[in-house]
Amino acid sequence: MADHDNYRERLQLLKEALFGAYAYIQALFAGLPLPVTIPDFEPVGDEETPAQALLSLDRARQLVDDEPISDREKRAFDHLVLDWFTAYEMLVITKLAGPAPWRLDCAEFALNRTVTWIELIEEEDLDDDES
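Along every chain, residues carry numbers that run from 1 in the direction the sequence is written. Only residues with pLDDT of 70 or above have their local features reported here, since the model is predicted, and side-chain atom pairs are shown and tallied only from 80 upward, although totals for entire chains, interfaces and linings are computed over all residues. Based on all heavy atoms of the structure, the side-chain values leave hydrogens and waters out of the count.

Participant: So what exactly am I meant to see when it comes to the overall build of the chain here?
Facilitator: In terms of helices and strands, the chain carries four helices and zero strands. Looking at the chain as a whole, 37% of its 131 residues are labelled buried. Split by element, the accessible area of the chain, about 8000 Å² in all, is 55% carbon and sulfur. Helix and strand definitions here come from DSSP, where helices need a minimum of 4 consecutive H or I residues and strands a minimum of 2 consecutive E residues; each element is numbered from the N-terminal end. Throughout, exposure labels follow a simple rule: accessible area from a 1.4 Å probe, protein chains only, divided by the maximum for the residue type, with under 20% read as buried, over 50% as exposed, and the rest as partly exposed. Residue burial considers only the protein chains on display, and all accessible areas are found by Shrake-Rupley using a 1.4 Å probe.

Dropping the structure here:
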């Protein structure tokens, strides 16, 4: 029973981290030289999946190519979104296929990479401000 409670607690923490990272990603895209708006991560109507937010995030990833930012920063945005999607998909699979420790490990690893990309993008912004 304790393992099941630990699993639920860990899953909840990962979901909260995923939603927090999404909000941070929204802010990063909004702060681009050509701001990109991404809708909130909320289901619409009867849909359980926030399809509009997911599709918009993927589209935003493509729009970064047109931004007047460095290629390094463009790659960072691309990897940021892909790692966030990896974490999201692993948590969805966990919900559908049931508990498995490796699924949560994969989601946590992808979220850690997401944080690393966020830090890299923020450092790039600082470098631009100093010039």
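Having put the structure on the table, let's press on.
Participant: It is not clear to me how the nonpolar core should be interpreted in this structure. Could you clarify?
Facilitator: Side chains that are nonpolar tend, in soluble globular proteins, to be buried together. If you look at the biggest cluster of nonpolar residues, it comprises 36 residues, and the most contacted ones within it are F29, L57, F77 and W84. With 10 residues, the top contributor of residues to this core is helix 3 (residues 71-97). Residues count as neighbours in contact if any of their non-hydrogen atoms are within 4.5 Å of one another. Those residues in contact with W84 that sit more than four places away from it in its chain are L18, A21, Y22, I25, F41, L54, L57 and T114. By nonpolar core is meant a set of buried Ala, Val, Leu, Ile, Met, Phe, Trp, Tyr and Cys residues that side-chain atoms within 4.5 Å join together.

Participant: In this structure, what is going on with a negative patch on the surface? I would like to understand it.
Facilitator: The residues that make up patches have over 30% relative accessible area and no salt bridge, and they are joined within 9 Å when like-charged or within 5 Å when they are Val, Leu, Ile, Met, Phe, Trp or Tyr. Think of a salt bridge as a Lys or Arg side-chain nitrogen and an Asp or Glu carboxyl oxygen that are within 4 Å of each other. Think of it this way: Lys and Arg go in the positive column, Asp and Glu in the negative one, and His and the chain ends go nowhere. One atom stands in for each charge, and that atom is NZ of Lys, CZ of Arg, CG of Asp or CD of Glu. Taken together, the side chains of E119, E122, E123 and D125 present a region of like negative charge at the surface. Topologically, E122 is positioned in helix 4 (residues 101-130). Judged by relative accessible area, which is 30%, E122 ranks as partly exposed.

Participant: What is the right way to look at the confidence of the model for the chain in this model?
Facilitator: Do not read the predicted coordinates in detail wherever pLDDT is low. When the pLDDT values of the chain are averaged, the result is 90; 88% of them are 70 or greater. Confidence of the predictor in every single residue is expressed as pLDDT, which spans 0 to 100. Across the chain, the element-wise mean pLDDT spans from 88 in helix 4 up to 95 in helix 3.

Participant: Can you help me understand the environment of F19 in this one?
Facilitator: If you trace the backbone, F19 turns up in helix 1 (residues 2-30). When the C-alpha atoms of F19 and D40 are compared, they prove to be 9.7 Å apart, with 21 residues separating the residues in sequence.

Participant: Looking at this model, I keep getting lost on the packing of aromatic side chains. Mind explaining?
Facilitator: Geometry of an aromatic ring pair is reported as the spacing of the ring centres plus the angle between the planes. Aromatic contacts are taken between Phe, Tyr and Trp rings whose centres are within 6.5 Å, Trp giving its six-membered ring; a plane angle under 30 degrees counts as stacked, one over 60 as edge-to-face, and the others as tilted. For the structure shown, the criterion picks out eight aromatic pairs. On the numbers, 5.5 Å between centres and 10° between planes, the contact of W84 with Y88 is stacked. Here W84 and its partner Y88 are both found in helix 3, four residues apart, which amounts to about one turn of the helix. Each member of the pair, W84 as well as Y88, is classed as buried. In textbook terms, an aromatic cluster arises when at least three aromatic residues are bridged by ring pairs, as seen for F19, Y22, F41, W84, F85 and Y88.

Participant: For this particular structure, what's the right way to read helix 3?
Facilitator: Each α-helix turn comprises 3.6 residues. Residues three or four places apart therefore point the same way. Multiplying 1.5 Å by the residue count of a helix minus one yields the expected span of that helix. The terminal C-alpha atoms of helix 3 lie 38 Å apart, and with 27 residues this matches the ideal 39 Å at 1.5 Å per residue to within 8%. Two residues or fewer after helix 3 comes G98, characterised by a positive phi angle close to 100°.

Participant: How do you make sense of the side chain of T94 when you look at a structure like this?
Facilitator: Along the chain, the position of T94 falls in helix 3. Residue classification places T94 among the buried residues on the basis of a relative accessible area of 2%. With residues up to four places along the chain from it excluded, the contact list for T94 reads Y7, L11, P99, R103 and L104.

Participant: Help me understand the side chain of E67 in this model?
Facilitator: Looking at the element boundaries, E67 is found in the loop between helix 2 (51-63) and helix 3. Despite its burial, E67 pairs with no opposite charge; the closest candidate is K74, at 8.4 Å N-O. For the purposes of these results, a polar contact is taken to be a pair of N or O atoms within 3.5 Å, where, inside protein, one atom must be able to donate a hydrogen and its partner to accept one; residues adjacent in sequence count only when each atom of the pair is a side-chain atom. For E67, the side chain forms a polar contact with the main-chain nitrogen of L34, separated by 2.9 Å.

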